[in-house]
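Residues per chain are reported as follows:
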Amino acid sequence: MERTFVMVKPDGVQRGLIGKILQRIEEKGFKIAAMKMTLMPVEKAKEHYAEHVGKKFYQDLVDFITSGPSVSLVVEGRGAISAMRKLNGATNPADAAPGTLRGDFGIETGRNVVHGSDSAASAAREIALHFSDAEIASYKRIDEAWLYE
Ligand code: IDP
Ligand code: MG
């Protein structure tokens, strides 16, 4: 089953949104295959956001993502990569539709509450960066027979 990397960013943690965000993921029917709260080391944050090196917001982004604890997740389910991007909503919360996490919980791009991998390649890279194989659980949700045809 497809896996993606999702993060509740430090603003989401500080604002008490962990539970609401997890609830939306769980209610969608996706499985939380791994989860941990960490204060992301600067080196890991730089690697995570390597594609943005050189952009004007890069240093602020690394500073922000390492400014407080974040919750890292591996989310699993059919079509999870693209579906989590849709659940998260547009990068700029001002453009994110109501009903999405960023649309409902954010105001500005630099404080957009959640991260989700943007492709299969990114998901594989980000999961491997943040989790060891032993930290990712394989189990069946009790409702899987009703989620999938
Ligand atoms: P994404 O998170 O929707 O994939 P990306 O373009 O990959 O968006 O940017 C990564 C993160 O960098 C965004 O989620 C946001 O936190 C931050 N970011 C992107 N563009 C800007 C900007 O123009 N100003 C401030 N922060 C930005
Ligand atoms: Mg991105």
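As the structure is a prediction and not an experimental result, all values here were calculated from the model.

Draft legend 1. A look at the pattern of salt bridges. Applying the stated rule across the entire model yields 8 salt bridges. Its salt-bridge partner being Lys-31, residue Glu-76 comes within 3.5 Å of it at the nearest N-O pair. Highlighted residues: Glu-76 in strand β3 (residues 70-76) and Lys-31 in strand β2 (residues 31-38), separated in sequence by 45 residues. Each member of the pair, Glu-76 together with Lys-31, is buried. Here Glu-144 makes a salt bridge to Lys-140, at a shortest N to O gap of 3.4 Å. Residue classification places Glu-144 among the buried residues on the basis of a relative accessible area of 14%. Shared partners join several salt bridges into a network, and the residues in it are Arg-3, Lys-31, Glu-76, Lys-140 and Glu-144.

Draft legend 2. Highlighting helix α5 (residues 80-88). Regarding α5, the residues found buried are Ala-80, Ile-81, Ala-83, Met-84, Leu-87 and Asn-88. Within α5, the buried residues cover an arc of 170° as seen down the axis, which keeps them to one side. Backbone geometry just downstream of α5 places Gly-89 in the positive-phi region, at approximately 90°.

Draft legend 3. Structural view of unusual backbone geometry. A positive phi angle, close to 75°, is found at Val-113, a residue other than glycine. Looking at where Val-113 falls in the secondary structure, it is placed in the loop between α6 (101-105) and β4 (114-116). Of the residues examined, Val-113 reaches a relative accessible area of 0% and is grouped as buried.

Draft legend 4. Spatial organisation of the environment of Arg-125. Of note, Arg-125 is situated in helix α7 (residues 120-130). Judged by relative accessible area, Arg-125 falls into the partly exposed class, the value being 36%. Sequence-wise, Arg-125 and Val-114 are 11 residues apart; in three dimensions their C-alpha atoms are separated by 18 Å. In contact with Arg-125, other than residues within four places in its own chain, are Glu-47 and His-48.

Draft legend 5. Local environment of the sheet that holds strand β1 (residues 3-8). If you walk across this open sheet you meet the 4 strands as β2-β3-β1-β4, and the pairing is antiparallel. Two strands in the sheet have a free side with no partner beyond their single neighbour: β2 and β4. Between one strand axis and the next, the sheet turns by 20° as a mean value, whatever way the strands run. Across the sheet, α5 is in contact with β1, β3 and β4; its angle to β1 comes to roughly 25°.

The rules behind the values
Residues numbered from 1 in each chain as written. Chains lettered and ligands numbered in written order. Predicted model: local features only at pLDDT ≥ 70, side-chain atom pairs only at ≥ 80, totals over all residues. Heavy atoms only, no water. Salt bridge = Lys/Arg side-chain N within 4 Å of Asp/Glu carboxyl O. Helix = DSSP H or I, 4+ residues; strand = E, 2+ residues; numbered from the N terminus. Buried < 20%, exposed > 50% of the residue type's maximum accessible area, 1.4 Å probe, protein only. Arc of directions from axis to C-beta. Contact = heavy atoms within 4.5 Å. Pairing = 2+ DSSP bridges. Axes fitted to C-alpha atoms, helices over the stretch in contact; angles between N-to-C directions.

Scope: geometric values only; no functional claims are made or implied.
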